[in-house]
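Notes for the structure review
Here's the letter readout for the chains.
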Amino acid sequence: MSRYFAIVPAAGSGSRMGAERPKQYLELLGRPLLWHTLNTLCHAPAIEQVFVVISPEDQWWETFSWESLESLQVLRVGGETRAQSVSNALAAVCGQVGQEDWVLVHDAARPCLSQLQVADLIHTLQDDEVGGLLAVPVADTLKRGDAQGRVAQTISREGLWQAQTPQMFRYGLLDKALQACPGVTDEAGAIEALGLSPRLVAADMTNFKVTYPRDLALAAQILQARGEL
Ligand code: CTP
Ligand code: MG
């Protein structure tokens, strides 16, 4: 039987947030943002172990308490890009994870991931040949802008999805894909480059990525409304 593991890349600098520290360590309801992300994955019943990937130069991790997160292992192997951080993590855990085991890669910057979304993803993909990702069908009309901030083109939203994480693939396939295609912005992109078609699993916008300063208040509202904390 395949087992389930999670890898959480948390080695970014959060440049678009423009804060005094990387966004994964900003305060969200009295905890670092990253704690909320890890808390959900560490309490997902199917997931055996969660690996968090931080930068070798990270000076923030030690300043917080992570005690309540029992299935957590820290990997100080973050790289130059997100894909590099994930690749380094895959290499670091090769003795612990089997080729056919499932790996869920989830952005540290998505603290509002819910247990239901994790369970949905795992349930939908457990017998899939390729694997897949949470994603949201595009609801708005899309415009391409020009350099003057005017509409250059309207783009049909038909068939378009916004990719989220977790992205769930088997260890062996994911490792091979990222080695062959290190320039991708998500795991699915590397799998697609091998000629395979990851499955889209419908999620919703509550699992958004905290990117800009205004996003923090929205994340707090979503977590509070859920009332688990
Ligand atoms: N990430 C990582 N290693 C990197 C770059 C990013 O582990 N070299 C992680 C981030 O910590 C984040 C996730 O990948 O959890 C998604 O990246 P993004 O939202 O772009 O975060 P940052 O790169 O930190 O932010 P920005 O692009 O605004 O600088
Ligand atoms: Mg980035």
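What counts, and where the lines are drawn
- Residues numbered from 1 in each chain as written.
- Chains lettered and ligands numbered in written order.
- Predicted model: local features only at pLDDT ≥ 70, side-chain atom pairs only at ≥ 80, totals over all residues.
- Heavy atoms only, no water.
- Pairing = 2+ DSSP bridges.
- Helix = DSSP H or I, 4+ residues; strand = E, 2+ residues; numbered from the N terminus.
- Axes fitted to C-alpha atoms, helices over the stretch in contact; angles between N-to-C directions.
- Near = heavy atom within 4 Å.
- Polar contact = N/O pair within 3.5 Å; in protein donor to acceptor, adjacent residues only side chain to side chain.
- Areas by Shrake-Rupley, 256 points an atom, 1.4 Å probe, with all protein chains shown as cover.
- 1 Å grid on protein atoms, 1.4 Å probe; cavity = no way out; pocket = protein on both sides within 12 Å on 5 of 7 lines; lining within 4 Å.
- Sits in = over half its atoms within 2 Å of the grid points.
- Nonpolar A, V, L, I, M, F, W, Y, C, P; charged D, E, K, R; others polar.
- Parallel < 35°, antiparallel > 145°, perpendicular 65-115°, else oblique.
- Left-handed = near helix turned anticlockwise from the far one by under 90°.
- Contact = heavy atoms within 4.5 Å.
- Core = buried A, V, L, I, M, F, W, Y, C linked by side-chain atoms within 4.5 Å.
- Buried < 20%, exposed > 50% of the residue type's maximum accessible area, 1.4 Å probe, protein only.

Examining the sheet that holds strand 4 (residues 47-53)
Strand order in the open sheet made by the seven strands is 5-4-1-6-10-7-11, with mixed pairing throughout. Here the strands that pair on one side only, and so sit at the sheet edges, are strand 5 (72-75) and strand 11 (199-202). Here the strands of the sheet are splayed against their neighbours by 30° on average, with no regard to which way each runs. Looking at chain direction, strand 7 (residues 132-137) and strand 10 (residues 161-170) are connected through five bridges and run antiparallel.

A look at the site of ligand 1
In the vicinity of ligand 1 lie 18 residues, with Gly14, Ser15, Arg16, Lys23 and Ser85 positioned nearest. Note that an oxygen atom of ligand 1 is positioned 2.9 Å from one of the backbone N or O atoms of Pro9. Contact distances for ligand 1 include 2.9 Å between an oxygen atom and a backbone N or O atom of Arg16. Taken by itself ligand 1 offers 560 Å² of open surface, and the protein chains cover 88% of this. The cavity where ligand 1 resides is the largest pocket. A breakdown of the residues in the shell around ligand 1 according to their chemical character gives five nonpolar, seven polar and six charged.

Considering the packing of helix 2 (residues 82-92) against helix 4 (residues 171-180)
A pair of packed helices is captured by two measures, namely the crossing angle of their axes and the spacing between those axes. Across the interface, helix 2 lies against helix 4 with an axial gap of 10 Å and an inter-helix angle of 135°. The orientation of helix 2 relative to helix 4 falls into the category oblique. Between helix 2 and helix 4 the crossing geometry is left-handed. Only Tyr171, Leu174, Asp175 and Leu178 of helix 4 make contact with helix 2, whose side of the interface consists of Ala83, Val86, Ser87, Leu90 and Ala91. Taken together, the residues of the contact of helix 2 with helix 4 break down into seven nonpolar, one polar and one charged.

A closer look at the nonpolar core
Counting 31 residues, the largest nonpolar core has Leu34, Leu38 and Ile47 as its most contacted members. The dominant element in this core, judged by the number of residues it contributes, is helix 1 (residues 33-42), at five residues. One finds Val103, Ala177, Val184 and Ile191 within the second-largest nonpolar core, a separate group that totals 25 residues.

A few points about the environment of Gly132
Residue placement: Gly132 occurs in strand 7. Residues Gly132 and Thr165, spaced 33 residues apart in sequence, show a C-alpha to C-alpha distance of 9.5 Å. If we ignore the near neighbours within four places in the chain, the residues touching Gly132 are Leu125, Gln167, Met168, Phe169, Pro198 and Arg199.

Thoughts on the environment of Val136
Along the chain, the position of Val136 falls in strand 7. With a relative accessible area of 8%, Val136 lands in the buried category. Along the sequence, Val136 and Val201 sit 65 residues apart, while their C-alpha atoms lie 8.1 Å from each other. Discounting chain neighbours no more than four positions away, the residues touching Val136 are Leu160, Trp161, Gln162, Gln164, Ala203, Asp204 and Met205.

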